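# Coordinate analysis (summary)
Here is how the chains run, residue by residue.
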Amino acid sequence: MRMKEMVRRTGVHERMLRYYEKQGLLSPQRLPSGYREYSESDVETVRRVRCLLTAGLSTTVIAQLLPCLRDDGNRLVPTCPDLVAQLLAQRDRMTSEIEALHTSRGLLDDVLAATPDHLKQAA
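Predicted model only: the values in this text are computed from it and were never measured.

## Considerations on the UniProt feature "domain: HTH merR-type" (unreviewed entry) in the protein
Feature annotation in UniProt assigns "domain: HTH merR-type" (unreviewed entry) to the following positions: residues 1–68. A distance of 25 Å separates the end C-alpha atoms of residues 1–68, which is 57% helix and 6% strand.

The structure is reproduced here in structure tokens:
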């Protein structure tokens, strides 16, 4: 399928598809004319990439993980022994970031709680 069909099927903009290719996440075939030709497996790859991006992983990490994942219906399943350790490390990183955000929000809540009444009415 050509680029426009791939965009329609995945909901991902052309620029993002080119970016995924540049990052090594996608490898569409090239026609003699230079146009990209995407396959059904490329559609699935884009869905996996979107899922992993939503989970907070970077494209660099995703490029390392993709070869070690298979789609098992509604979930991605690790197939390489080292993958679980990498995923646990990414999960720990995300947990630390979430805790830092909670701390920041608590500080902001403290500042807002200290706002004088006459300033609260202006907001």
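## Side note on the side chain of threonine 10
Structurally, the position occupied by threonine 10 is in helix 1 (residues 3–10). Separated by 2.8 Å, the side chain of threonine 10 and the backbone oxygen of methionine 6 make a polar contact. Looking at threonine 10, its side chain comes within polar contact range of the main-chain nitrogen of valine 12, at 3.2 Å. Excluding residues that lie within four positions of it along the chain, threonine 10 makes contacts with Val43 and Val46.

## Description of a nonpolar patch on the surface
On the surface, Leu108, Val111 and Leu112 cluster together into a nonpolar patch covering about 290 Å² of accessible area. Relative to the assigned elements, leucine 108 resides in helix 5 (residues 83–113). By relative accessible area, which is 48% here, leucine 108 ends up partly exposed.

## What to know about the packing of aromatic side chains
Per the counting criterion, the structure on display carries one aromatic pair. Relative to tyrosine 20, the ring of tyrosine 19 has its centre 6.4 Å away and its plane inclined at 55°; by these criteria the two rings are tilted. Looking at tyrosine 19, the relative accessible area reads 34%, which means it is partly exposed.

## Structural notes on the packing of helix 1 against helix 2 (residues 14–22)
Where helix 1 contacts helix 2, the axes come no closer than 9 Å and their chain directions differ by 100°. Our classification of the angle between helix 1 and helix 2 gives roughly perpendicular. Residues Met3, Lys4, Met6 and Val7 of helix 1 pack against Glu14, Leu17 and Arg18 of helix 2. In terms of residue class, the contact of helix 1 with helix 2 is made up of four nonpolar, no polar and three charged.

## A closer look at the state of the cysteines
What the rule picks out here adds up to one disulfide. Between the sulfur atoms of cysteine 68 and its disulfide mate cysteine 80 the distance is 2.1 Å. Residues cysteine 68 and cysteine 80 are joined through a disulfide that is left-handed, its torsion about the S-S bond being -85°. Taken together, the positions of cysteine 68 in the loop between helix 4 (59–65) and strand 3 (69–71) and cysteine 80 in the loop between strand 4 (76–78) and helix 5 put the pair twelve residues apart, joining distant regions of the chain. For cysteine 68, a relative accessible area of 14% puts it in the buried group. Cysteine 68 supplies the cysteine sulfur nearest to cysteine 51, a cysteine that is in no disulfide, at a spacing of 16 Å.

Parameters and conventions
Residues numbered from 1 in each chain as written. Predicted model: local features only at pLDDT ≥ 70, side-chain atom pairs only at ≥ 80, totals over all residues. Heavy atoms only, no water. UniProt positions renumbered as here; feature names shortened; annotations may be inferred. Helix = DSSP H or I, 4+ residues; strand = E, 2+ residues; numbered from the N terminus. Polar contact = N/O pair within 3.5 Å; in protein donor to acceptor, adjacent residues only side chain to side chain. Contact = heavy atoms within 4.5 Å. Patch = residues over 30% accessible without salt bridge, like charges linked within 9 Å, V, L, I, M, F, W, Y side chains within 5 Å. Areas by Shrake-Rupley, 256 points an atom, 1.4 Å probe, with all protein chains shown as cover. Salt bridge = Lys/Arg side-chain N within 4 Å of Asp/Glu carboxyl O. Buried < 20%, exposed > 50% of the residue type's maximum accessible area, 1.4 Å probe, protein only. Phe/Tyr/Trp six-rings, centres within 6.5 Å; stacked < 30°, edge-to-face > 60°. Axes fitted to C-alpha atoms, helices over the stretch in contact; angles between N-to-C directions. Parallel < 35°, antiparallel > 145°, perpendicular 65-115°, else oblique. Nonpolar A, V, L, I, M, F, W, Y, C, P; charged D, E, K, R; others polar. Disulfide = S-S within 2.5 Å.

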